[in-house]
Every structure is written in structure tokens, then in C-alpha cells.
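Geometric and topological summary
The primary structure of each chain is shown beneath.
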Amino acid sequence: MLATTSTLTVARTVDELRAAVDAAKSAGLSVGFVPTMGALHEGHQTLVREAAKDHAAVVISIFVNPSQFNDASDLENYPRTEAADFERAAAAGATIAFAPSCDEIYPAGFATTISAGAVAEQLEGAHRPGHFDGMATVVARLLGLVRADVAYFGRKDAQQLAVIEQFVRDLVIPTRIQGVETVREADGLAMSSRNMRLAQADRQRALALSRGLFAAQRLADGGEHSARALETAVQVELDAAALPTDYATLVDAATFLPVDVLDRECVLAVAAHVGPVRLIDNIRLAPASV
Ligand code: PAF
């Protein structure tokens, strides 16, 4: 039985989701889709608002996908705030929330895993073995279930977005993928569900990520082309805040392979540990002359 609030239909099962999406499509509505793992914040709400600008029906999925966590304690501690999530989703314009159990997503007999390919090998792929295969598999299944016209993903997870664009292209999945700019707090911290696990002092130290990226941005705008110099600008801030770094690396924006010189569209990506919380952030950089 579908649960309906004044604006949000909550589907718990694949059959309920199918019924809700079929009803929207039969009514001639176009469908936007925002996949999430819940713990919604302004960044997710921005994705929903973007979807609602173009689609009368907006599906949000809320599912903490175990197969993309390579660290059991990260999965265990991932924030779960479902009641508030439904309110935030509805307030931003979602019309259908898909909040399934694990068995709905991975029923008995489920056997397929997407191998994400070269774009997934560096950065997050190198530090979180299996993460992108698990993420790609669940996103492919969700895209198949929702059958949206357009799906929206934040650019904070830039490599995730590149992996999704790759398999959607390769597997000819008929949903268009739309990237949406990173939403930041007023002081620059990129919004993330993991931020709610930061202690007050760590919240301050976490600013080193965006501060470093903005310093690199200024250097690039001033004509700096050396990857080493741009990466060092980030590392200096991380070191000053004593944040253990997984990477601060300039990569090609399409392949996510490291580059030595900023001579094309690139992504400067960073991952660092702030107390018990691992954060990622990035900015896109282009040579000043382009
Ligand atoms: O970015 C996320 O929240 C997740 O990786 C996603 C895309 C919802 C897949 O579980």
C-alpha cells in the first residue's frame, strides 16, 4: 500500500514505485530523479529543486547502499534521518520518495555487478576498493526502476558522476544524466551528509579542504599550469590543519587520470580525514588562457 502525504508519495517496494511512476507517466508527466543515501541537506534539496524546475514528477530515492561501502564502520555510522528526509524532499518539490529495504534492491538471486572501468581506478577508486562497482550497480538498478527522463547528481562527487556518465553511455541507458554544481556552506565547506558527524573543532579544521582548493583556483586563474604547484596549494592547507590526506591530485576531467600540466579541463580533487570522518571535495580548473 502506497503511503501518501499531502505532496509526497512514499513507495517502500519496487511494485509501489512502479505503480507511482506509471501513474505519473500515464498522466503525461515527465519524470526527474534524484538518487540519494538520505541524511538530506541543502545540497540534495538543490538537486530536487533543479529536477522540479523541469519535471512535474520528481522521484527521490533514499537508500544507504551497503555494496558501495568498503569500511564497515562508515556504513554503520552513516547518518539515517528518514522522517526529516521525507519533509525536506517534499519541501524541495519531490513528489515520490522511494525508500526501499535492502531486499527490494538486492532480492534473492541478484547476481550482477557493474565493473566501473578505467575512470574508476584512481582517487576514490584506489582508496575505496569496490566502491564504484557497488555504486554503479545500485545506480543502474535504480535508473532501471525509476525510468526517469533525467537523473541529477552533485558535482561534489565528480568521479562518481564521471563513472555514471560512462556506464549510462556504454549500456545505452535512456535516462539523461545532469550534473549540478556543489553547494557550499557560507564559509566554503562543501555540503555532505558526513558533515553532521563532525565535532565542532573538526568542523573548523575541515575548512582546510575548500580553502586549499580556492587557493589553487586563484593560482590557476593567475596562469599557474603546474599540477605540482596547484596540488601543493591544497596540501599546504591540509598540513596546516594536520589533516591526514588520501590525495590532493589534479586529474583530467574526462578520464580522471592524473596530469602534470593544467592544459585542458581538469578536476583538482581532494580527500582527507577530519577526525573520524573522511571528506572529499573538488573544483574544476581550466588553463587561464582557454
Ligand atoms: O551519491 C550518493 O549519495 C550515492 O553514491 C548514490 C548515487 C545515491 C548511490 O548510492
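Scroll up to find the structure.
Residues numbered from 1 in each chain as written. Predicted model: local features only at pLDDT ≥ 70, side-chain atom pairs only at ≥ 80, totals over all residues. Heavy atoms only, no water.

This part is about the packing of helix α7 (residues 131-146) against helix α8 (residues 158-170). Close contact between α7 and α8 brings their axes to 10 Å; oriented N to C, the two are set at 55°. For the element pair α7 / α8, the angle class is oblique. Note that α7 runs across α8; the crossing there is right-handed. Counted together, Phe132, Met135, Ala136, Val139, Ala140 and Leu143 of α7 and Gln159, Gln160, Val163, Ile164, Phe167 and Val168 of α8 form the full contact between these two elements. (Axes fitted to C-alpha atoms, helices over the stretch in contact; angles between N-to-C directions. Helix = DSSP H or I, 4+ residues; strand = E, 2+ residues; numbered from the N terminus. Parallel < 35°, antiparallel > 145°, perpendicular 65-115°, else oblique. Left-handed = near helix turned anticlockwise from the far one by under 90°. Contact = heavy atoms within 4.5 Å.)

So, about the side chain of Arg203. With respect to the helices and strands, the residue Arg203 is situated in helix α9 (residues 200-205). Residues contacting Arg203, with those up to four places away along its chain left out, are Glu185, Asp187, Leu189 and Leu198.

The two faces of a sheet get side chains in turn, since along a regular strand they alternate between them. Among the six residues of strand β4 (residues 57-62), six are classified as buried, and the element is accordingly described as predominantly covered. Here β4 shows two buried faces, one formed by Ala57, Val59 and Ser61 and the other by Val58, Ile60 and Ile62. Where strand β3 (residues 31-36) and β4 come together, six bridges link them in parallel fashion. Residue pairing for β4: Phe33 is matched across the bridge by Val59. Where the polypeptide runs from β3 across helix α2 (residues 42-54) and back to β4, its parallel neighbour, the crossover connection is right-handed. Inspection of the sheet shows β4 paired to strand β5 (residues 96-98) by three bridges, in the parallel sense. Residue Ile60 lies in a different strand from β5, and its bridge partner there is Ala97. (Buried < 20%, exposed > 50% of the residue type's maximum accessible area, 1.4 Å probe, protein only. Pairing = 2+ DSSP bridges. Right-handed = clockwise from strand over helix to strand, strands pointing away.)

Taken as a whole, this structure holds three aromatic pairs when the rule is applied. Centre to centre, the rings of Phe69 and Tyr78 are 5.6 Å apart; their planes meet at 75°, and the pair counts as edge-to-face. On the basis of relative accessibility, which here comes to 8%, the residue Tyr78 falls in the buried class. Relative to Phe110, the ring of Tyr106 lies with its centre 5.2 Å away and its plane at 80°, an arrangement referred to as edge-to-face. Clustering of aromatic rings is evident, with ring pairs tying together Phe63, Tyr106 and Phe110. (Phe/Tyr/Trp six-rings, centres within 6.5 Å; stacked < 30°, edge-to-face > 60°.)

Throughout the structure, instances matching the rule amount to 19 salt bridges. Among the salt bridges present, the one from Asp22 reaches Arg147, with a minimum N-O distance of 3.1 Å. Within this pair, whereas Asp22 is found in helix α1 (residues 14-26), its partner Arg147 is found in the loop between α7 and β6 (150-154), the two being separated by 125 residues in sequence. With relative accessibility at 34%, the residue Asp22 sits in the partly exposed group. For Arg147, a relative accessible area of 30% puts it in the partly exposed group. For Arg49, the salt bridge identified is with Glu42, shortest N-O distance 2.9 Å. (Salt bridge = Lys/Arg side-chain N within 4 Å of Asp/Glu carboxyl O.)

For the ligand, the full set of nearby residues is Pro35, Thr36, Met37, Gln68, Met135, Val138, Val139 and Gln160. Between the ligand and the protein, one listed contact pairs an oxygen atom with a side-chain N or O atom of Gln68 at 2.6 Å. Of all elements in the fold, only β3 and α7 reach the threshold of two or more residues within the shell around the ligand. Along the lines of polarity and charge, the residues of the shell around the ligand split into five nonpolar, three polar and no charged. (Near = heavy atom within 4 Å. Polar contact = N/O pair within 3.5 Å; in protein donor to acceptor, adjacent residues only side chain to side chain. Nonpolar A, V, L, I, M, F, W, Y, C, P; charged D, E, K, R; others polar.)

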